[in-house]
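Chains, contacts and geometry: an overview
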Amino acid sequence: MSIITELAQQAKKAARTLAILSESQKNAVLTDMAAAIRANKSKIIEVNEKEVARAKENNLDAAMVDRLILNDERIESMAEGIEVIVGLDDPVGKERVIGTRPNGIEIKKMRIPLGVVCMIYEARPNVTADAGALCFKSGNAVILRGGKEALDTSLAIAELMQDVLEKHNLPKALVTVVPNPDRALMQELMEQRDYIDVIIPRGGEGLINYVTDNAKVPVIQHFKGVCHLYVDKDADLDKAMALLLNGKTQRTGVCNALEGLVVHQAIAGDFLPKVAEAFKEKGVKVHVNEKGSQYFDGADVISEDAFGEEYLGLEIAIRVVDDFDAAVDHIAQFGSNHTEVICTEDAEKGKLFQRAVDASVVMVNASSRFSDGSQLGLGAEIGIATTKLHAYGPMGLESLTSEKYLVNGEGQIRD
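Report follows, based on the coordinates.

What counts as what
- Residues numbered from 1 in each chain as written.
- Predicted model: local features only at pLDDT ≥ 70, side-chain atom pairs only at ≥ 80, totals over all residues.
- Heavy atoms only, no water.
- Phe/Tyr/Trp six-rings, centres within 6.5 Å; stacked < 30°, edge-to-face > 60°.
- Helix = DSSP H or I, 4+ residues; strand = E, 2+ residues; numbered from the N terminus.
- Buried < 20%, exposed > 50% of the residue type's maximum accessible area, 1.4 Å probe, protein only.
- 1 Å grid on protein atoms, 1.4 Å probe; cavity = no way out; pocket = protein on both sides within 12 Å on 5 of 7 lines; lining within 4 Å.
- Points joined across faces, edges and corners; volume = space filled by probe spheres on them.
- Nonpolar A, V, L, I, M, F, W, Y, C, P; charged D, E, K, R; others polar.
- Domains from an automatic or database assignment.
- Patch = residues over 30% accessible without salt bridge, like charges linked within 9 Å, V, L, I, M, F, W, Y side chains within 5 Å.
- Areas by Shrake-Rupley, 256 points an atom, 1.4 Å probe, with all protein chains shown as cover.
- Salt bridge = Lys/Arg side-chain N within 4 Å of Asp/Glu carboxyl O.
- Core = buried A, V, L, I, M, F, W, Y, C linked by side-chain atoms within 4.5 Å.
- Contact = heavy atoms within 4.5 Å.
- Pairing = 2+ DSSP bridges.
- Axes fitted to C-alpha atoms, helices over the stretch in contact; angles between N-to-C directions.

Focus: the packing of aromatic side chains
The final tally for this structure, using the stated rule, is 4 aromatic pairs. Judged by centre distance (6.2 Å) and plane angle (65 degrees), the rings of tyrosine 230 and phenylalanine 324 are edge-to-face. With tyrosine 230 in strand S7 (residues 227-231) and phenylalanine 324 in helix H12 (residues 324-334), this residue pair connects regions lying 94 residues apart in the sequence. Across the pair, exposure class does not vary: tyrosine 230 and phenylalanine 324 are buried alike.

Quick look at the structure:
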């Protein structure tokens with residue numbers, strides 16, 4: 001038996017142990033996991049610093065290096081994320097009434113775990129803690145296959161979580177990190193349909209496409225984050241500038257950073273010169289359509305069909321459009337169903353934007369950087385689904401469950 005099949009079998013068996021755990025028991029385990037991560041912060045950072053140094057030596061791009069780095073603040077955020085999950089209601093076992101049939105049979109649905117979740121991801125070692133905690137609380141075992149750049153850090157975090165599981169007499173296989181990043185083993189992992197219930201890839205577009213094309217297990221896709229801010233003709237331009245700078249420059253290498261700015265032509269003359277000045281100060285490279293190029297010195301002028309790039313750096317594409325409908329059309333053509341934002345003081349226009357735009361998170365007068373599980377009250381997220389089966393948007397506890405029917409009768413038989 002191969003190591004991958006063995007890991008998958010152990011995870012499947014381990015997942016059954018969660019069925020008998022109460023919410024209070026789960027919370028006690030998670031509380032101890034958060035404490036273990038805090039207590040071993042220096043150990044995690046020591047391992048992580050070596051991996052970051054190797055990544056830089058290997059000329060890994062800046063966005064990937066940023067995702068790899070763990071420091072005091074990010075480790076504290078991991079621990080706090082687990083503690084937030086402790087405070088959330090456990091969805092498992094929750095029932096909802098469907099109705100009673102004319103023959104007296106009562107129909108309900110009950111939330112159940114998915115079973116075994118496999119995460120395939122690049123660089124981000126914090127995914128180990130987030131995914132482990134979310135899957136545990138929602139009753140799932142998790143197999144984590146991270147990229148080689150963050151393998152040692154992920155193993156260190158998983159080992160702390162596994163130690164806590166063992167202290168609570170639970171199997172270590174509830175949180176498993178594949179110890180070898182070999183591509184052939186990843187392919188084998190994606191074929192374990194007898195033991196793995198769903199795969200969630202999280203990373204670059206190439207990884208997502210590879211997993212989607214080759215997996216024999218259902219895949220929940222987390223495609224790239226081409227997020228836009230549309231500044232409407234009725235926008236408060238001070239608000240718009242704050243949303244733009246926060247969304248584009250606060251942290252560039254993340255999927256909820258802004259990659260596109262769409263501006264109504266009626267306010268372009270007032271707004272874009274200020275944008276040009278701010279971006280020059282921040283060192284943001286600008287790609288802009290012909291209509292907006294007059295407001296920028298030295299910008300890269302691009303054609304109307306050359307948008308839709310995910311830069312993950314201090315770069316942005318700007319388009320001046322004729323009206324609201326043209327802005328919505330632009331987002332439909334170039335967005336990635338991740339996060340879209342409108343800045344407007346017209347409440348009805350904001351509601352219309354939220355109805356018209358197809359994205360997993362649609363915001364009015366709020367930064368795209370809030371498109372995040374922790375910021376939306378989910379504690380953490382296992383990913384942001386940009387396809388609609390069965391989840392859409394940041395995936396928290398409920399998204400890691402399904403439902404089964406409960407049918408209660410009194411001896412009824414079918415005619």
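What about the layout of surface pockets?
Size it by volume and the largest pocket reaches roughly 890 Å³. As for the largest pocket, its lining consists of 30 residues, and the residues nearest its centre are Ser77, Asn126, Arg251, Asp372 and Ser374. When contributions to the lining of the largest pocket are tallied by element, the ones reaching two or more residues are helix H5 (72-86) and helix H6 (126-137). In terms of residues, the lining of the largest pocket owes the most to one element, H5, which gives 7 residues. Looking at the lining of the largest pocket, its residues break down into 8 nonpolar, 11 polar and 11 charged. Here the lining of the largest pocket spans two domains, and each of domain 1 (3-221 + 391-407) and domain 2 (227-376) adds at least three residues to it. Here the second largest pocket defines a volume of roughly 290 Å³. Every residue lining the second largest pocket is counted, 13 residues in all, and those nearest its centre are Ala15, Leu18, Ala19, Pro113 and Gly139. When residues of the lining of the second largest pocket are traced back to their parent elements, those giving at least two are helix H1 (3-17) and strand S2 (106-113). If you tally residues by element for the lining of the second largest pocket, the top one is H1, at 3 residues. Across the lining of the second largest pocket, the residue classes tally to 7 nonpolar, 2 polar and 4 charged.

A look at a nonpolar patch on the surface
Together, Ile98, Tyr405 and Val407 make up a nonpolar patch on the protein surface, roughly 330 Å² of accessible area in all. Along the chain, tyrosine 405 turns up in strand S16 (residues 401-408). For tyrosine 405, a relative accessible area of 56% puts it in the exposed group.

Thoughts on the nonpolar core
The nonpolar side chains of a soluble globular protein tend to be buried with one another. Counting 74 residues, the largest nonpolar core has Met119, Phe136, Ile196, Ile199, Ile382 and Leu400 as the members making the most contacts within it. If near-sequence neighbours (up to four positions away) are discounted, isoleucine 382 is found in contact with Val117, Met119, Ala131, Leu134, Cys135, Ile200, Arg202, Met395 and Leu400. Of all hydrophobic cores here, the second largest spans 31 residues; its members include Leu229, Leu261, Val263 and Ile316.

Things to note about the sheet that holds S16
Across the sheet, which stays open at both edges, the 3 strands sit in the order S1-S2-S16 with antiparallel pairing between neighbours. Here the strands that pair on one side only, and so sit at the sheet edges, are strand S1 (95-100) and S16. Ignoring which end each strand starts from, the neighbouring axes of this sheet average 25 degrees apart. Note: S2 against S16, 8 bridges, orientation antiparallel.

Re the sheet that holds strand S13 (residues 361-364)
What the 7 strands build is an open sheet, ordered S10-S9-S11-S8-S7-S12-S13; its pairing is parallel. Each end of this open sheet is capped by a strand with a single partner; those strands are strand S10 (300-301) and S13. Direction of pairing for strand S8 (residues 258-264) relative to strand S11 (residues 315-321): parallel, over a ladder of 5 bridges. Within S11, the position partnered with histidine 264 by the bridge is valine 321. Against the sheet, H12 contacts S7, S8, S11 and strand S12 (339-343), and its axis sits at roughly 175 degrees relative to S7. Contacting S7, S12 and S13, helix H13 (residues 347-356) crosses the sheet at an angle of about 170 degrees to S13.

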